[in-house]
Amino acid sequence: MNLQPRCRLHLVLLALVPAFLLLAASSLGLQPLHAREADSATPTGAASRSTVERADQLLEGLSADELGASGRLAARALLTGEPAPEDRVRGVLQVVLEGAELLRARRLRLTVMAAGEEGIETYDTDFETLGLLGARPWVFLLPVELPANDRGLAVVMEAEGSEAWAGALADWSPEPLEVSDSAGVAEGPLLGPQASPTTGAQDEPEAPTAITLVPPRSSQVAGSTRFETIVSDPLIETVEFRLDGELVETDGRAPFNARLELAAPARRQTVEVVALGPNGQILGRDELTVNGEARRFRISFAKWDHDVGLARIEVEAAVEVPADSTLQKVEIFLNELPIASFRRPPFAAVVPAPEPGPTDYVRAVATLADGRTIDTVELIAARGASERLDVNLVELYTVVLDGDGQPVDDLSAEDFEILENGSPRPVEGFGYGQDVPLLLGLVIDSSGSMDGIMNETKQAAGTFLGQVLRSQDKAFVVDFDTRPRLAQGVTSDIQQLFASFRAMQPEGNTAFYDSVVFALIQFGTERGRKALVVLTDGDDYRSRYSPRRAIQDAQKSGVPVYILGLGDEQRLQRTFKQSDLQEVAGKTGGKVFLVSSPLQLGGAYSAIERELRSQYLLTFYSPTGLSGESGSEGIEVRVKKPGLTVRTVVGAR
């Protein structure tokens, strides 16, 4: 389920979605549960008898209130005007749901019944919510291909595990229902005979990564170099280290490290690790390229020629595809406006840029045949015109707080001043961070001490994701106990993010700093706005990595670290080394929240959301550029207005 706040205008645009998009949605669709004669009363498939009876009665003209519905539902089938088979209509079904009991359900089932010339057709699909929808209204949008008729469509929404339900009769119309701008949106699969035969059940989350090769601290390495791994599978007994495809070292004891002799002087080389189980079976592998770009799935801009006079930018994307994968397409966007789409190189496009603002960006997205995507974002102001490319423009994501610790969001460029090593620098660009796509990492403690509060923890985290992520944003999920695991890789699909919570079971100890370092690796070389949010209920236990390493990696990647400590006050004072937590958060531009109950997590997550939404984006030209691990420490942002404090993250370059 893709939960993203959108304005009412977006619903109108969805009503005009081309037919080929509706047909493309069939890859996520489902089989009609049954197609019965109009006079038949014996349903088959997953829909229950009571569901079909309710839908029948709605088609006969009875209202949901008369039938004892416990929630409120409004529905409308929006016409697209696209060609459809004879006696059928294509459109988008818009369902607006209210009702606290329904919106707190872990799973909702939507059933649609339509009367056609050949009889009654019934379709349904499930929405996995994990109880994360909350109490606000939600809009469900599904492409449909249904019989053309004058009786409308019966729509029934039911909550799994309870008697709560709501229903309505939907008419075909070119105009969408009025919906609050703050309503959430859930997108569903195609309903109609074009749908592929599935049960409507959601896919299981990806298997966790068994082993991760930790990149060396320096971007250039030569000679004897130590390589470390982080393992997520306790069955791993041996790890092989390969250099440029040749086996050079084997380690049979955790934590599985090796010292490899790299070429001197430094040159591009590939390091690979292979994790083996008790019987020699391969449990996982990972690789990285040192002294050059990694061979993982990556995309970057190989060409960027900004001609100010012609008000355009000529860009070309370079894509690195894993050896066992196939590239499906590359797309170029100006902000979220599609500019070009390619099936094969060169991936070159001309992007119009008449008057780019400080937060305008160009985005390139690569999609593999298996559906995986990756993108890169470049602020136009950060790249600058062609004649200024030799000057480094630094991005600063800044949060300003008042005396009560609340974000201040009404400042202008004139309110800020920037110092680099004590020297003032003019503010080159000013904008709002929320206008730039966000890559969010969410880390959840699933150690044994979380037993009893895991469900509440998942709900609070899921609600946070649903609130903070927009259509252009992406996120990943890590859970950890004795070792960290990648529960869900980087994606913009909230449905996949929610699904990753299902496998989290409380057990083991708390490898806190290992998990932070592991999560920071997932950001890779991505540029733009980022944040890492970590929840734990206990102090670090036997992590290999220190708070200092977490700070260095976060600063290098330009990632603020927000830490949520969960537990009663006395226990927090006893188990948390708060000075370490404060240092990690403070030196990366984040913040520590200590809460005594899972019920308070919502407030802490909301505070983080407000900060991320209230960020300012400042840019300035550095004549020397940032270099070294501490290159950003000489940068200071000040606010001229009294009584305000500033926290700043220097964007990774």
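Scroll up a little and you will see the structure.
Presented here is a report on the structure given in the accompanying data block. (Residues numbered from 1 in each chain as written. Predicted model: local features only at pLDDT ≥ 70, side-chain atom pairs only at ≥ 80, totals over all residues. Heavy atoms only, no water.)

Points about the overall build of the protein chain
In terms of helices and strands, the protein chain carries 12 helices and 36 strands. In the protein chain, buried positions account for 53% of the 653 residues. A sequence separation of at least 24 residues applies to 74% of the contacts in the protein chain between residues at least 6 apart. Total accessible area computed for the protein chain in this model is approximately 28,100 Å², and 47% of it derives from carbon and sulfur atoms. (Helix = DSSP H or I, 4+ residues; strand = E, 2+ residues; numbered from the N terminus. Buried < 20%, exposed > 50% of the residue type's maximum accessible area, 1.4 Å probe, protein only. Contact = heavy atoms within 4.5 Å. Areas by Shrake-Rupley, 256 points an atom, 1.4 Å probe, with all protein chains shown as cover.)

Topic: the sheet that holds strand β21 (residues 347–352)
Pairing within the open sheet is antiparallel, and its three strands lie in the order β17-β18-β21. Only two strands of the sheet have a single neighbouring strand rather than two, namely β17 (298–307) and β21. Neighbour to neighbour, the strand axes of the sheet diverge by 25 degrees on average, direction disregarded. Across six bridges, strand β18 (residues 312–320) lies against β21 in antiparallel orientation. Across the sheet, residue E314 finds its bridge partner in β21, namely V350. (Pairing = 2+ DSSP bridges. Axes fitted to C-alpha atoms, helices over the stretch in contact; angles between N-to-C directions.)

Considerations on the nonpolar core
In this structure, L440, L442, L465, F501, V533, L564 and Y605 are the most contacted members of the largest nonpolar core, which totals 34 residues. Apart from the residues lying within four places of it in its own chain, the contact partners of L440 are F464, L465, V468, L469, K474, A475, F476, A531 and V533. Listed in part, the 32 residues of the second largest apolar core include A75, L97, L108 and L153. (Core = buried A, V, L, I, M, F, W, Y, C linked by side-chain atoms within 4.5 Å.)

Some details on the pairing of strand β31 (residues 529–536)
In terms of residue burial, β31 counts as a mostly covered element, since eight of its eight residues are buried. What you see with β31 is no split at all: R529, A531, V533 and L535 on one side and K530, L532, V534 and T536 on the other are buried throughout. As paired elements, strand β28 (residues 438–445) and β31 share seven bridges and run parallel to each other. Among the inter-strand pairings, L440 is bridged to a residue of β31, identified as A531. Examined bridge by bridge, β31 and strand β32 (residues 561–566) share five bridges and lie parallel to one another.

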